[in-house]
Amino acid sequence: MYNKCGEKMDILESGKAILKTIEAASFEAFLVGGAVRDFVLGLDVQDVDITTSATPDDITRLFPKAIPTGKAFGTMTLIKDGHTFEITTYRQDGTYINHRKPESIKFSKDVEEDLKRRDFTINALLMNASGKVIDLLGGFNDLDAGLIRTIGDPAERFNEDALRLLRAFRFHAKLGFHIEEHTLNAIQKNGSLIQKVSIERIQSEAEKMLSYPVLKPTIQLMLDTKFANALFNIQPGLEALLNYPELTKVERLYVLSNHVDFTQAPWRLSKKTLKKLTHFKELYKALDTPHPRIFLQYDRELIYDVAHFLEKTEQPRKIKTIEAIENALVIKQSKDLDVSGKELDTQFHFSDKSMIKKTLNVLIDAVLEGRVDNHKPSLLNYAAKSLERSAE
Ligand code: ATP
Ligand code: MG
């Protein structure tokens, strides 16, 4: 939904409207977690979590369109005004098994119980329907002091769910905060527990972390606390990252992948990410002496990503070179060629059908290099000569 000025309705305002609907039905509800933290810090708020005394069934009654995305854990997802909200019933987690998930969960009627299961004090602030920020566990002081501190005993909390170890570093990088002393000591003592956590959860936190602008102080801390050493075989990759200026996510992944084999266990990167990495590597070599053909073979955005990386690291003016090549492109995709594979086959009656593709590629290169016009008769003529030459 858009307001009168045509702007998308502010995510926090939409969230507060949801709180009002829930409260009107005599339940409690608050915005919670990252959204409140980032609002207090004046940062952009991306997604909003809502915590409530209402059960998923109550939420379904109030918002028939809510989707039961994690009903067993009390989570319903609601899309409102173009924003996504996760509405979760107050919860108390049972005993944790294998350092990664609670054996059972229990719905609760007490918001403080819900806050106590959360990881860090700065992630346990509440905001009510009138926009007031409520602090029951000391999160406000820690936000002020720039400290990441677990709620309760750090060793216990990291033992319950070892992903919190990596999350502490993630917030260190995202917010530029320090990790509070006892929390840091517990990380030093319990770092190796991270290996008990599923690789998918680790990767999802790590990928978020790789996208933060400033990462060096966090990587240094991961090395100093020996956490890097516990994170499977990533350490040499992290050490390498220290030698670079600040990089983007894809650039960092590329640097890491020169030291860590992400195609092997325990890593389980998505096919899409692995493909992007392979293309990055190929382009890294190709851009040494770039040929216009790359624009027909690779994603344009990735070409510029690699050019930016080269420009930052070793080859100044790479972007200008690439821009000049792009501006001079006679054809932007294979199908812009004024002759098709079928037309070539009709003309030359290839007995070996793989010659169709080969001839098309010869023509594409010739057009891109300005050796022939992109005009059917010229192309057919050029192809005939080229086939004659290769038959000699
Ligand atoms: P970001 O905006 O960077 O994603 P966030 O604080 O919203 O930060 P999420 O991973 O989206 O982080 O988690 C939402 C909230 O859920 C957290 O603020 C925290 O209160 C709670 N939380 C998430 N993961 C854990 C965990 N492993 N243990 C305890 N509480 C957690
Ligand atoms: Mg979040």
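Residues numbered from 1 in each chain as written. Chains lettered and ligands numbered in written order. Predicted model: local features only at pLDDT ≥ 70, side-chain atom pairs only at ≥ 80, totals over all residues. Heavy atoms only, no water.

Caption draft 1: Region of the structure containing helix 9 (residues 199–210). For helix 9, which comprises 12 residues, the first-to-last C-alpha distance of 16 Å matches the rise-based estimate of 16 Å (1.5 Å per residue) to within 8%. Those residues of helix 9 that fall on the buried side of the exposure criterion are Ile 199, Ile 202, Gln 203, Glu 205, Met 209 and Leu 210. Along the axis of helix 9, the buried positions cluster into a sector of 170°, meaning they face one direction only. (Helix = DSSP H or I, 4+ residues; strand = E, 2+ residues; numbered from the N terminus. Expected span 1.5 Å × (residues − 1). Buried < 20%, exposed > 50% of the residue type's maximum accessible area, 1.4 Å probe, protein only. Arc of directions from axis to C-beta.)

Caption draft 2: Structural detail: the packing of helix 9 against helix 13 (residues 249–257). Close contact between helix 9 and helix 13 brings their axes to 8 Å; oriented N to C, the two are set at 120°. Between helix 9 and helix 13, the residues in contact are Glu 207, Met 209 and Leu 210 and Lys 249, Arg 252, Leu 253 and Leu 256, respectively. When grouped by side-chain class, the residues that make up the contact of helix 9 with helix 13 number four nonpolar, no polar and three charged. (Axes fitted to C-alpha atoms, helices over the stretch in contact; angles between N-to-C directions. Contact = heavy atoms within 4.5 Å. Nonpolar A, V, L, I, M, F, W, Y, C, P; charged D, E, K, R; others polar.)

Caption draft 3: Summary view of the site of ligand 1. Near ligand 1 lie 17 residues; those nearest to it are Arg 37, Asp 161, Arg 164, Arg 167 and Arg 170. For ligand 1, an oxygen atom lies 3.1 Å from a polar atom in the side chain of Arg 118. With respect to ligand 1, the side chain of Arg 167 contributes an N or O atom lying 2.8 Å from an oxygen atom. A total of 590 Å² of accessible area belongs to ligand 1 in isolation, and the protein chains cover 82% of it. (Near = heavy atom within 4 Å. Polar contact = N/O pair within 3.5 Å; in protein donor to acceptor, adjacent residues only side chain to side chain. Areas by Shrake-Rupley, 256 points an atom, 1.4 Å probe, with all protein chains shown as cover.)

Caption draft 4: Just the packing of aromatic side chains, in detail. Using the criterion set out here, one finds 12 aromatic pairs in the structure. An aromatic cluster of at least three residues, connected via ring pairs, comprises Tyr 244, Tyr 254, Phe 280, Tyr 284 and Phe 309. (Phe/Tyr/Trp six-rings, centres within 6.5 Å; stacked < 30°, edge-to-face > 60°.)

Caption draft 5: Quick look at the pattern of salt bridges. The full count for this structure, using the stated rule, is 27 salt bridges. A salt bridge links Lys 80 to Asp 81, with the nearest nitrogen and oxygen atoms 3.2 Å apart. The class of Lys 80 is partly exposed, set by a relative accessible area of 23%. Given the relative accessible area of 9%, Asp 81 is considered buried. Residues Arg 167 and Asp 119 are paired through a salt bridge, measuring 2.7 Å at the closest nitrogen-oxygen approach. Of this pair, Arg 167 sits in helix 7 (residues 163–175) while Asp 119 is found in the loop between helix 4 (111–116) and strand 10 (125–127), placing the two residues 48 residues apart along the sequence. The buried category is assigned to Asp 119, whose relative accessible area is 9%. What you see here is one network of salt bridges that share partners, running through Asp 119, Arg 167, Arg 170 and Glu 205. (Salt bridge = Lys/Arg side-chain N within 4 Å of Asp/Glu carboxyl O.)

Caption draft 6: Region of the structure containing the sheet that holds strand 4 (residues 75–80). Reading across the sheet, the seven strands line up as 3-4-5-2-1-10-11 and stay open at both edges, with mixed pairing between neighbours. Two strands in the sheet have a free side with no partner beyond their single neighbour: strand 3 (67–70) and strand 11 (133–135). If you compare each strand with its neighbour and ignore which way they point, the axes differ by 35° on average. (Pairing = 2+ DSSP bridges.)

Caption draft 7: Looking closely at the packing of helix 7 against helix 9. As a packed pair, helix 7 and helix 9 sit with axes 9 Å apart at the nearest point and diverge in direction by 5°. Compared by their axis directions, helix 7 and helix 9 come out roughly parallel. Where helix 7 approaches helix 9, its residues Leu 163, Leu 166, Arg 167, Phe 169, Arg 170 and Ala 173 are matched on the opposing element by Arg 201, Ile 202, Glu 205, Ala 206, Lys 208 and Met 209. In the contact of helix 7 with helix 9, the residues fall into seven nonpolar, no polar and five charged. (Parallel < 35°, antiparallel > 145°, perpendicular 65-115°, else oblique.)

Caption draft 8: Fine view of empty space enclosed by the protein. Considering all chains together, one arrives at two cavities of 30 Å³ or more under this definition. As for the largest cavity, its lining consists of 19 residues, of which Ala 206, Leu 210, Leu 231, Ile 234 and Leu 256 are closest to the centre. Contributions of two or more residues to the lining of the largest cavity are made by helix 9, helix 10 (216–224), helix 12 (235–241) and helix 13. Ranked by the residues each element gives to the lining of the largest cavity, the list is headed by helix 9, at six residues. For the lining of the largest cavity, the residue count by class is 17 nonpolar, one polar and one charged. Counted as a void, the second largest cavity has a volume near 50 Å³. Residue composition of the lining of the second largest cavity, grouped by class: six nonpolar, no polar and three charged. (1 Å grid on protein atoms, 1.4 Å probe; cavity = no way out; pocket = protein on both sides within 12 Å on 5 of 7 lines; lining within 4 Å. Points joined across faces, edges and corners; volume = space filled by probe spheres on them.)

Geometric values such as these leave the question of function open.
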